[in-house]
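# Topology and contacts: notes
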Amino acid sequence: MIKFDFTSMCNYDNDLMSRKDEVLQKFKDSYMTGWTKKIDSNLVQDIIATSKEIKKHSKCLVVIGIGGSFLGSFAVRKALAPYFKDDDFKVIYAGTTLSSDYINELLDYLRTVDFSVNVISKSGTTMETTIAYTLIMQLMREKYNMEDIKKRLVITTDPVKGTLREEVNTNGYKSFPIPDDIGGRYSIMTAAHLLPLAFSIDLNKFVEGYYLGNEYIDQAFMYAVCRKSLFDQGKIVENFVVFEEKLNYFSEWLKQLFGETEGKSGVGILPMSTVFTRDLHSLGQFIQEGNKIIFETFIKIENSSKIEFKSYDLHHINNVVLDSVRVAHKSGDVSSILITLPEINEKYLGEIIYFFMLSAAFSGFLFNINPFNQPGVEVYKKEVRENIII
Ligand code: PA5
């Protein structure tokens, strides 16, 4: 069971608690909550079978996508991957950068191995994804015939519309849907993330854990209330803190989830993240004694692998440091919330992801904004389109 400590180092506003019925009703009335509906088990099995097929003829899968079509699977994959053991099968991400060095080196590498591609874009029009996909498909066409390409390309996109869907319809490529009622940053329980994850994690356990997250509705609302209360007290920055390097990208996923959900109409909490103890020696000074605009959410892991140091278990030391940092930061007027996972595995990651998505949505309603859109992301794209035709 995941544990939550909302009150020992955080004061919340009781008036916000009284908005619970209103917020839950708004959530219930929202169209974009398809991620709370049970995923079709045949779809999950099809995803697993597809990953096994790809492994038969490829040494590498290139996953092309950005934002909500990238961060979820990347974060969970990193969280569950061993630190130093390389997998025989590589999953490589593209479409998150326009760096020509990155793309050139990736293409050079792909010339040397048999590879498959999973392009992921709900809209099918995202610039970064389109560029990487076009360049990688040029190489694919040089290396493989159409028959082969049909085995090596999987398109994950809108079920009915968009350019990628048209490509599927024209060429008969393998495809998976991103349902209309699920937005990018809420799409972890769709093929957009499940296919890339099927190569390295126990997908069934992850899916099972995810829906258990629904048991944390009360805690998700409480978390949203605590955050909004702190925001109202002038704490406008939330630092997500992990003590495990492999959770670094989980924090990146959290930053996207909360940043894109809340940051609109001139409001929202600015998310930042740190990996302690590393960053105690960089940002720790600012957090302890700098501008008092920060509060923190600590993610603690109860159990980890064992290694003894002077009769202490090293993981115990890590957690003693976590508890001590909370106390120290509180003495510097930095409030915090604590979320404790029994361990890092598929089940608990699934649960906590659902919890955070619920809470982000509730938080949006507490801020009186739409938690499911991101109109601001379009502005730079429009500016680019005025300069280049892609
Ligand atoms: O959360 C979101 O909706 C965004 O981050 C999108 O996922 C991102 O812009 C990519 O969009 P698309 O899947 O349409 O390529």
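For the structure, see preceding data.
This write-up is about the structure you can find in this document. (Residues numbered from 1 in each chain as written. Predicted model: local features only at pLDDT ≥ 70, side-chain atom pairs only at ≥ 80, totals over all residues. Heavy atoms only, no water.)

## Considerations on the site of the ligand
With respect to spatial proximity, 13 residues lie near the ligand, and among them Ser69, Ser121, Ser123, Thr126 and Glu260 are the closest. Thr126 places a polar side-chain atom, nitrogen or oxygen, 2.5 Å from an oxygen atom of the ligand. In the model, an oxygen atom of the ligand is placed 3.0 Å from a nitrogen or oxygen of the Arg185 main chain. Notes on the ligand: free accessible area 390 Å², of which the protein chains cover 89%. The cavity where the ligand resides is the second largest pocket. Considering only residue class, the shell around the ligand consists of one nonpolar, nine polar and three charged. (Near = heavy atom within 4 Å. Polar contact = N/O pair within 3.5 Å; in protein donor to acceptor, adjacent residues only side chain to side chain. Areas by Shrake-Rupley, 256 points an atom, 1.4 Å probe, with all protein chains shown as cover. 1 Å grid on protein atoms, 1.4 Å probe; cavity = no way out; pocket = protein on both sides within 12 Å on 5 of 7 lines; lining within 4 Å. Sits in = over half its atoms within 2 Å of the grid points. Nonpolar A, V, L, I, M, F, W, Y, C, P; charged D, E, K, R; others polar.)

## Quick notes on the nonpolar core
Ranked by internal contacts, the top residues of the largest apolar core, which has 90 residues, are Trp35, Phe206, Phe250, Trp253 and Phe356. Two domains each put at least three residues into this core: domain 1 (3-30 + 208-366) and domain 2 (34-201). Ile92, Met137, Ile155 and Val168 belong to the second-largest nonpolar core, a separate cluster that totals 26 residues. (Core = buried A, V, L, I, M, F, W, Y, C linked by side-chain atoms within 4.5 Å. Buried < 20%, exposed > 50% of the residue type's maximum accessible area, 1.4 Å probe, protein only. Domains from an automatic or database assignment.)

## Observations concerning unusual backbone geometry
The residue after Phe276, namely Thr277, is reached through a cis peptide bond having omega 10°. Mapped onto the fold, Thr277 is located in the loop between strand 8 (270-275) and helix 13 (284-289). Of note in the backbone geometry, Ser311 takes a positive phi value of approximately 65° without being a glycine. Of note, Ser311 is situated in the loop between strand 10 (308-309) and strand 11 (312-313). (Helix = DSSP H or I, 4+ residues; strand = E, 2+ residues; numbered from the N terminus.)

## Comments concerning the packing of aromatic side chains
Inspection of every chain in the model, using the stated rule, returns 33 aromatic pairs. Relative to Phe356, the ring of Tyr223 lies with its centre 5.8 Å away and its plane at 70°, an arrangement referred to as edge-to-face. In this pair, Tyr223 sits in helix 11 (residues 217-232) while Phe356 sits in helix 15 (residues 346-366), placing the two residues 133 residues apart along the sequence. For Tyr223, a relative accessible area of 0% puts it in the buried group. Taking 6.2 Å as the distance between ring centres and 55° as the angle between the ring planes, the aromatic pair formed by Phe250 and Phe356 counts as tilted. With Phe250 in helix 12 (residues 248-262) and Phe356 in helix 15, this residue pair connects regions lying 106 residues apart in the sequence. Put simply, the rings of Phe4, Phe6, Tyr216, Tyr223, Phe240, Phe250, Trp253, Phe258, Phe355 and Phe356 touch in pairs and so form one group of aromatic residues. In this structure, Arg152 packs its charged tip against the face of Tyr144, placed 4.0 Å from the ring centre. Residue placement shows Arg227 over the ring face of Tyr223; its charged tip is 5.5 Å from the ring centre. (Phe/Tyr/Trp six-rings, centres within 6.5 Å; stacked < 30°, edge-to-face > 60°. Lys NZ or Arg CZ within 6 Å of the ring centre and 35° of its normal.)

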